[in-house]
Amino acid sequence: MSRWRPPQAASTAIITVEGQARLKAELDELWRVRRPEVVKALAAAAAEGDRSENAEYTYRKKQLGEIDRRVRYLSKRLPELKVAEAKPTDRGAIFFGAWFAIEDDDGRTQRLRIVGPDETDATLGWISIDSPLARAVLKKRVDDEFEAPLPSGSKHFVVVEVSYDGPGN
């Protein structure tokens, strides 16, 4: 069995203003705060002697690798991203950056926001513009019905609310 995997589809290079600020803050914190702390701890662990049996040294090397990997990714990704600063002229329809509420056939309501793939957060209800649900809801208005292909199967929804000023506004 080979280890070859088909390449993943490229994610959309768009981000909200808040998302860009959050990624820049993460990069700054990793580079200026966390990395120097780990380097200092790594040097202290290396000074303890035999590195082959030093768990602290091994842990810090791994931690430094993870930080460097994330710094490299953010350093390459941030310049690629296009910041969506302007709100759409048609605020009655769902586009990138919109907060919206949808209701399914069972009467359950979900409050979601369409954001870039680098800022998705399920706990906040922020879904990627690349997700099937976001693709299905784009350009829909209040009271529009649509069907979205979800992992559990296709599901029917109706748009209840659309806002660009924040959830519930």
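Look up a bit, the structure's there.
Residues numbered from 1 in each chain as written. Predicted model: local features only at pLDDT ≥ 70, side-chain atom pairs only at ≥ 80, totals over all residues. Heavy atoms only, no water.

Asks: Mind showing me how you'd approach the packing of helix α1 (residues 17–46) against helix α2 (residues 55–80) here?
Replies: For any two helices packed against each other, the geometry comes down to the angle between their axes and how far apart the axes lie. Relative to each other, α1 and α2 sit at 155°, their axes nearing to 9 Å. By the criterion of interaxial angle, the relationship of α1 to α2 is roughly antiparallel. Crossing handedness for the pair α1 and α2: left-handed. In terms of residue class, the contact of α1 with α2 is built from 16 nonpolar, three polar and nine charged. (Axes fitted to C-alpha atoms, helices over the stretch in contact; angles between N-to-C directions. Helix = DSSP H or I, 4+ residues; strand = E, 2+ residues; numbered from the N terminus. Parallel < 35°, antiparallel > 145°, perpendicular 65-115°, else oblique. Left-handed = near helix turned anticlockwise from the far one by under 90°. Nonpolar A, V, L, I, M, F, W, Y, C, P; charged D, E, K, R; others polar.)

Asks: How do you make sense of a negative patch on the surface when you look at a structure like this?
Replies: A contiguous patch of negative charge on the surface is contributed by Asp-105, Asp-143, Glu-145 and Glu-147. Residue placement: Asp-105 occurs in the loop between β3 (99–104) and β4 (109–115). (Patch = residues over 30% accessible without salt bridge, like charges linked within 9 Å, V, L, I, M, F, W, Y side chains within 5 Å. Areas by Shrake-Rupley, 256 points an atom, 1.4 Å probe, with all protein chains shown as cover. Salt bridge = Lys/Arg side-chain N within 4 Å of Asp/Glu carboxyl O. Lys, Arg positive; Asp, Glu negative; His and termini not counted. Charge placed at Lys NZ, Arg CZ, Asp CG, Glu CD.)

Asks: I tried to follow the sheet that holds β4 on my own but got confused; where do I start?
Replies: Strands in a sheet are paired, the pairing made by backbone hydrogen bonds, and the direction either parallel or antiparallel. Spatially, β5-β4-β3-β7-β6 is the arrangement adopted by the five strands of the open sheet, whose pairing is mixed. A strand with exactly one partner marks an edge of an open sheet, and here the two such strands are β5 (126–128) and β6 (145–150). Each strand of the sheet is rotated relative to its neighbour by a mean of 45°, with strand direction disregarded. In terms of strand pairing, β3 meets strand β7 (residues 153–163) through six bridges, oriented antiparallel. Each residue of the ladder has a partner; that of Ala-101, found in β7, is Glu-161. (Pairing = 2+ DSSP bridges.)

Asks: Please clarify how the nonpolar core should be interpreted in this entry.
Replies: Ile-94, Phe-100, Ile-102, Ile-114, Leu-133, Val-137 and Phe-146 are the most contacted members of the largest nonpolar core, which totals 20 residues. Elements with a contribution of two residues or more to this core: β3, β4, α3 (132–137), β6 and β7. Those residues in contact with Phe-146 that sit more than four places away from it in its chain are Ile-102, Leu-133, Ala-136, Val-137, Lys-140, Lys-155, His-156, Phe-157 and Val-159. Within the second largest apolar cluster, 16 residues are counted, among which are Leu-23, Leu-42, Leu-78 and Val-83. (Core = buried A, V, L, I, M, F, W, Y, C linked by side-chain atoms within 4.5 Å. Buried < 20%, exposed > 50% of the residue type's maximum accessible area, 1.4 Å probe, protein only. Contact = heavy atoms within 4.5 Å.)

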